[in-house]
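Remarks on the overall topology
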Amino acid sequence: MTAPLNVNPQEEQLFLDTLQNCLQQDNAKRTAAEQIYQDIPDEKKGILLMSTICNTTKDVSVRSMASIMFRRLIQTQFENFWPKYSPDQQVIFRKELLTRLIQLDDDEDIRKKICYIVAELAKNLMDENEQSQWPEVLDFLFQSANSPHSTLKESALIIFEAFPGIFGNQAEQLIQIIHQIFLNCLNDQEKRVRYTAATAFAAYLKHNAENTQLLNVYRDCLPPLLSTITHSLANSDDDTVLKALIDIAENTAKYLRPAIDEVFNLCLHTMEQKDDFEESRRHLALEVLVTLSETASAMVRKVAKKYMPRLVPQLLEMMVDLDDDSDWSTKDIIEDEEDDSNAVVGESSLDRLACALGGKTMLNYILTTVQTMLQNPDWRYRHAGLMAISATGEGCHKEMALLLDDLVNGILVFLKDSHPRVRYAACNALGQMSTDFQGTFQKKFHSKVIPGLLLILDDHENPRTQAHGGAALVNFAEDCPPRLLIEHLPQIIEKLEQVLNRKYQELVQHNRKLVLEQIVTTLAAIADTVAQDFSPYYDRFMPQLKYLFKNAITPDYRMLRGKTMECISLIGLAVGKDKFINDCYEIMQELVKTQVDFENLGNDDPQISYLIGAWTRICKILGKDFEQYLPIVMGPVLKAASFKPEVTVLADDETEVDEDDNWEVLNVGDQAFGIKTTGLEEKASACSMLVCYAKELKEGFVNYVEETTKLMVPLLRFYFHEGVRAAAAESLPHLLDCAKLRGDDYVRQMWQYMNKELFKAIEIEPDHEVLGELFSSVGKCIETLGVTSLTADELKELTTILDSHLKKHFERSNERAEKRRDEDYDEETEEEMLEEDDFDAYILNRLSDIIHSLLVTYTDSYLTYFDTLVPHFYALLQPTQSISDRQWALCVFDDVIQFTGAHSHRYAQFFLSRMAESLADPSAEIRQAAAYGFGVMGMNGGAVYARACAEALPRLFAMIGAPDSRAPENNTATENAVSAVTKIFKYNNSCIDNLDKLHQVWLSWFPIYEDTEESPHVYGYLCDLIESNNPIIIGPENSNIPNVMKLFADAFVKSSIEFSSVVGQRMVLILRHVQTIPTIFQTCMNALTNDERHALANALNTVATSQ
């Protein structure tokens, strides 16, 4: 080592001892050594670690440990320690690392780890312009890659794999040189070079996945790449190269298109070699094909569909690979199936393929094989066939929906199969189809499926099958229209009561609880669906449930107790406060006891999430009366919501974690993290619970506002769980509302704490549903706070963020247009893109909500900022855009007119002609938005819009007079048009001729009943005309009064106008006036139906009573 990095020998020895102790099995020694290591300053650590790595006389395990720690130090603390070194020291570090790699006699594992250090250091020495501050490393790469020594070639490739962006802004000009390196190394005589080249090439393709032109340059590397993979399968036990093919399939699937036949044949052949290859390798080969199907589904459908007759039977054969365990159906404790078993991998892959490729491609191949399997005398085939149907429904939804009758009738037969595991699979299929075909399935098959599943609940000899029947009934009930379930409620209740009583006895006598846990859950689901109709059965179940809850307190019964909490609170919510109140406070005392013991519950205790859910429901039941329990509840809830999961940053080569220990890999941007998921769901539930408390209790929650806000705001960027971020976003406007009791200054301070983080979260949120929640949160916060909510700079910043999201909207739209021009584009691709359109429409909807809130709050003063967004909304209005694009653009301009009045006319050139043309659009949604626009022009636009309003009337009349204008799909748009005409007549009629003549046509458009927001405008104007004795409306000698009274009665019957509303009261006063003229009133009453007479009588009595 050169002088500036020299270390004191004694200090070095102490450090080596510390590293050695970090490798100790003894937990106490290891922990003490780790603490000593942590206490060493980072810059000192770097020198000591480097000294250890370069000292070849030391034990390999210690050098290996030092290499890992040095890489991690660079990865996590680079800015902390590197600048503290002098330029000379930095040069020595860089030089020593490369020198170690040139020494060919070093340990192979150490060499590889030093390559990772070099890559990490090179990554950190790349400036913001992607200019490398370490040019020597590039020279080393080129020289080593072209060296005659295979070890040096490998080193260069390992560095390249770990940091494929190492060439920075020079990559494009070096493309031919990089290409030649890969081509040479993939054709190298030494297999280790070829294998390393394959994994480095996969990393390089991933790094350049967006650059399709660059990928074309490397087409000639594909044949040697596949030859290398084929060679590794035949000559190596290491699957690293095969995994590289999975990476390519995931990141740059289209690169494989010219060799798709070779890829499918290679992988299918590998899967078929049961005697030659381990299961894990065959599963990896399958993963290549499934991943390809997911990432390039259109390509696979077009050029590889011919391989499905080979692939599907293999998957179904894997699903048959089950142990014939005679105790399976009687076990009371269920262990999770091995994720890497053939049966699980086969079923999961079938599900993924069906979702990726769709029913047109997959369903026939699946059903052809399944039909044969269902007739097989071996139970495993019948089981696998039914599980295959379960796995296929989501992906093949449209095609399976046409075959549901035959499929369901076929599955029902197997509820009486001789083998309990086949009956279990039949329950599984029915439960899954209840979810996949929700609504339709329940309506068509309730009379067959419910009795069939109730029959399974009698299978006491096979509790695992019996419990699964209960689980399938939960799925069926959750998506069932209540009226259908109510038809079968007596039979369901009787069966559940029988089983509950029997299983309670089994719990007491034999400690068996599997079925009891499930029946309690099933009962909860039934109550949740039928709501008040569960009330007659309340007393048959509540005493036993309370007894279970009070007495199932040993650790063995934690899950049962948790599910019982859930059941009791769901039943309480179903039957309502009045019915539940007598038991409520007794249950509350038990919940309080559990809550007090919360500290003693482990993070993995299932009671935690059930307890949180139960409190939330009881808060909804009790409302304000729940406030008294907040001091008891809030501590544990805040603790659960504050839970910090164990997280570790993964290096580029670390892609696997121990999933048995509840660890998962999560990618946030370009960084991979390992995260322990224990406690995460409870955290999300606790955050949702805090939202519920703030929402339900309002000022009653004020004492917890500050602590909750400080907890929730940082969680806007908790990227390990979408539910946590969504709850954090939803909470903010409710928290502001709660805080109003403490005065405006306090609320403003809270908002100052919130808004920066909220804006930042909106900028970078990756999930579209959470982004929608964030948009909604901003809008509600602005409306809650009013004009003081945002400063001029903040308004500008928010508008810039909205501008950015609108640009992204067009980018995504252009990407879809590009896909439509792709050589593999097909009908299924179009369906996928329509789903993406729906996501974008959702975001556009929520974005327009923010603009609505800004306009409601700031009116015309916001237009200065809105100017920058106008070009986007003008572009969205163009005829080539999707329906949702045009609809939301119109809605935004509607808001601009409504809330800024005549000031909005500055944008007339951008929207007026398109809005007028949209009145004749084929889409009802577009016509409705356009009609509403002309309505607010009439009502709020003032004189500047008088001519436009008059010119729109013929189009509005044509829209209303269209033959199908009252069809269900058109009626709301038509009523908006009627309302628009009404508003123009009332508020902006200066450019209209012959208004009375038009009134005659207008009256013929009644009744209006569907759009309850617009009907008051229409009926209010009718009242105006009657009160002014308009001759067209009244008719000669009051002859039209009976017709008008019938319109009033119809409005009350259909609840399009409420008696107590302002317009309703005006209508009743007119009725009362007509009542004073007995002859006319009697004529009116004679023209009414019984329902209409009853409605009028109620209206007159209600107003009379209120007077």
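All values reported here derive from a predicted model rather than from experimental measurement.

1. Thoughts on the packing of helix 5 (residues 87-102) against helix 6 (residues 108-124)
Where helix 5 contacts helix 6, the two axes come as close as 10 Å, and the packing angle between them is 145°. Helix 6 is crossed by helix 5, and the crossing has left-handed handedness. In this structure, helix 5 uses R94, L97, L98, R100 and L101 to contact helix 6, whose residues at the interface are R111, I114, C115, I117, V118 and L121. Each residue belonging to the contact of helix 5 with helix 6 can be placed in one class, and the counts come to 8 nonpolar, no polar and 3 charged.

2. A few points about the pattern of salt bridges
Within this structure, the stated rule accounts for 64 salt bridges. Between E154 and R192 there is a salt bridge, and its shortest N-O distance comes to 2.9 Å. A residue pair is termed long-range when its members are at least 10 positions apart, and E154 in helix 8 (residues 150-162) and R192 in helix 10 (residues 191-207) qualify at 38 residues. We classify R192 as partly exposed; its relative accessible area is 35%. In this structure, the salt-bridge partner of R725 is E765, at a minimum N-O distance of 2.7 Å. Linking R725 in helix 36 (residues 722-739) with E765 in the loop between helix 37 (744-764) and helix 38 (768-785), this pair joins segments that are 40 residues apart in sequence. Overall, the relative accessible area of 7% leaves E765 in the buried class. Through salt bridges with shared partners, one network takes in R812, R816, K819, E836, D837 and D840.

3. Observations concerning the packing of aromatic side chains
Under the defined criterion, the tally for this structure stands at 43 aromatic pairs. On the basis of an interplanar angle of 80° and a centroid distance of 6.2 Å, the ring pair of Y504 and Y547 is categorised as edge-to-face. Taken together, the residues span a long stretch of sequence, with Y504 in helix 27 (residues 489-510) and Y547 in helix 29 (residues 538-551) at a distance of 43 residues. With relative accessibility at 16%, the residue Y504 sits in the buried group. Ring geometry for W1002 and Y1021: centres 5.3 Å apart, planes at 80°, overall edge-to-face.

4. Side note on the packing of helix 15 (residues 279-295) against helix 18 (residues 342-357)
Remark: helix 15 packs on helix 18, axes separated minimally by 9 Å, with the N-to-C direction vectors making an angle of 10°. The angle between helix 15 and helix 18 places the two elements in the roughly parallel class. Relative to helix 18, the crossing made by helix 15 is left-handed. Two secondary-structure elements touch here, helix 15 through E279, H283, L286, E287, V290, T291, S293 and E294 and helix 18 through N342, V345, S349, R352, L353, A356 and L357.

5. Observations regarding the nonpolar core
Ranked by internal contacts, the top residues of the largest apolar core, which has 387 residues, are F626, F701, F866 and W1002. Counting residues per element, this core draws most heavily on helix 34 (residues 680-697), at 11 residues. Ignoring anything within four residues of it in the chain, the contact list for W1002 reads V978, V981, T982, F985, V1018, Y1021, L1022, L1025 and I1033.

Criteria and cut-off values
- Residues numbered from 1 in each chain as written.
- Predicted model: local features only at pLDDT ≥ 70, side-chain atom pairs only at ≥ 80, totals over all residues.
- Heavy atoms only, no water.
- Axes fitted to C-alpha atoms, helices over the stretch in contact; angles between N-to-C directions.
- Helix = DSSP H or I, 4+ residues; strand = E, 2+ residues; numbered from the N terminus.
- Left-handed = near helix turned anticlockwise from the far one by under 90°.
- Contact = heavy atoms within 4.5 Å.
- Nonpolar A, V, L, I, M, F, W, Y, C, P; charged D, E, K, R; others polar.
- Salt bridge = Lys/Arg side-chain N within 4 Å of Asp/Glu carboxyl O.
- Buried < 20%, exposed > 50% of the residue type's maximum accessible area, 1.4 Å probe, protein only.
- Phe/Tyr/Trp six-rings, centres within 6.5 Å; stacked < 30°, edge-to-face > 60°.
- Parallel < 35°, antiparallel > 145°, perpendicular 65-115°, else oblique.
- Core = buried A, V, L, I, M, F, W, Y, C linked by side-chain atoms within 4.5 Å.

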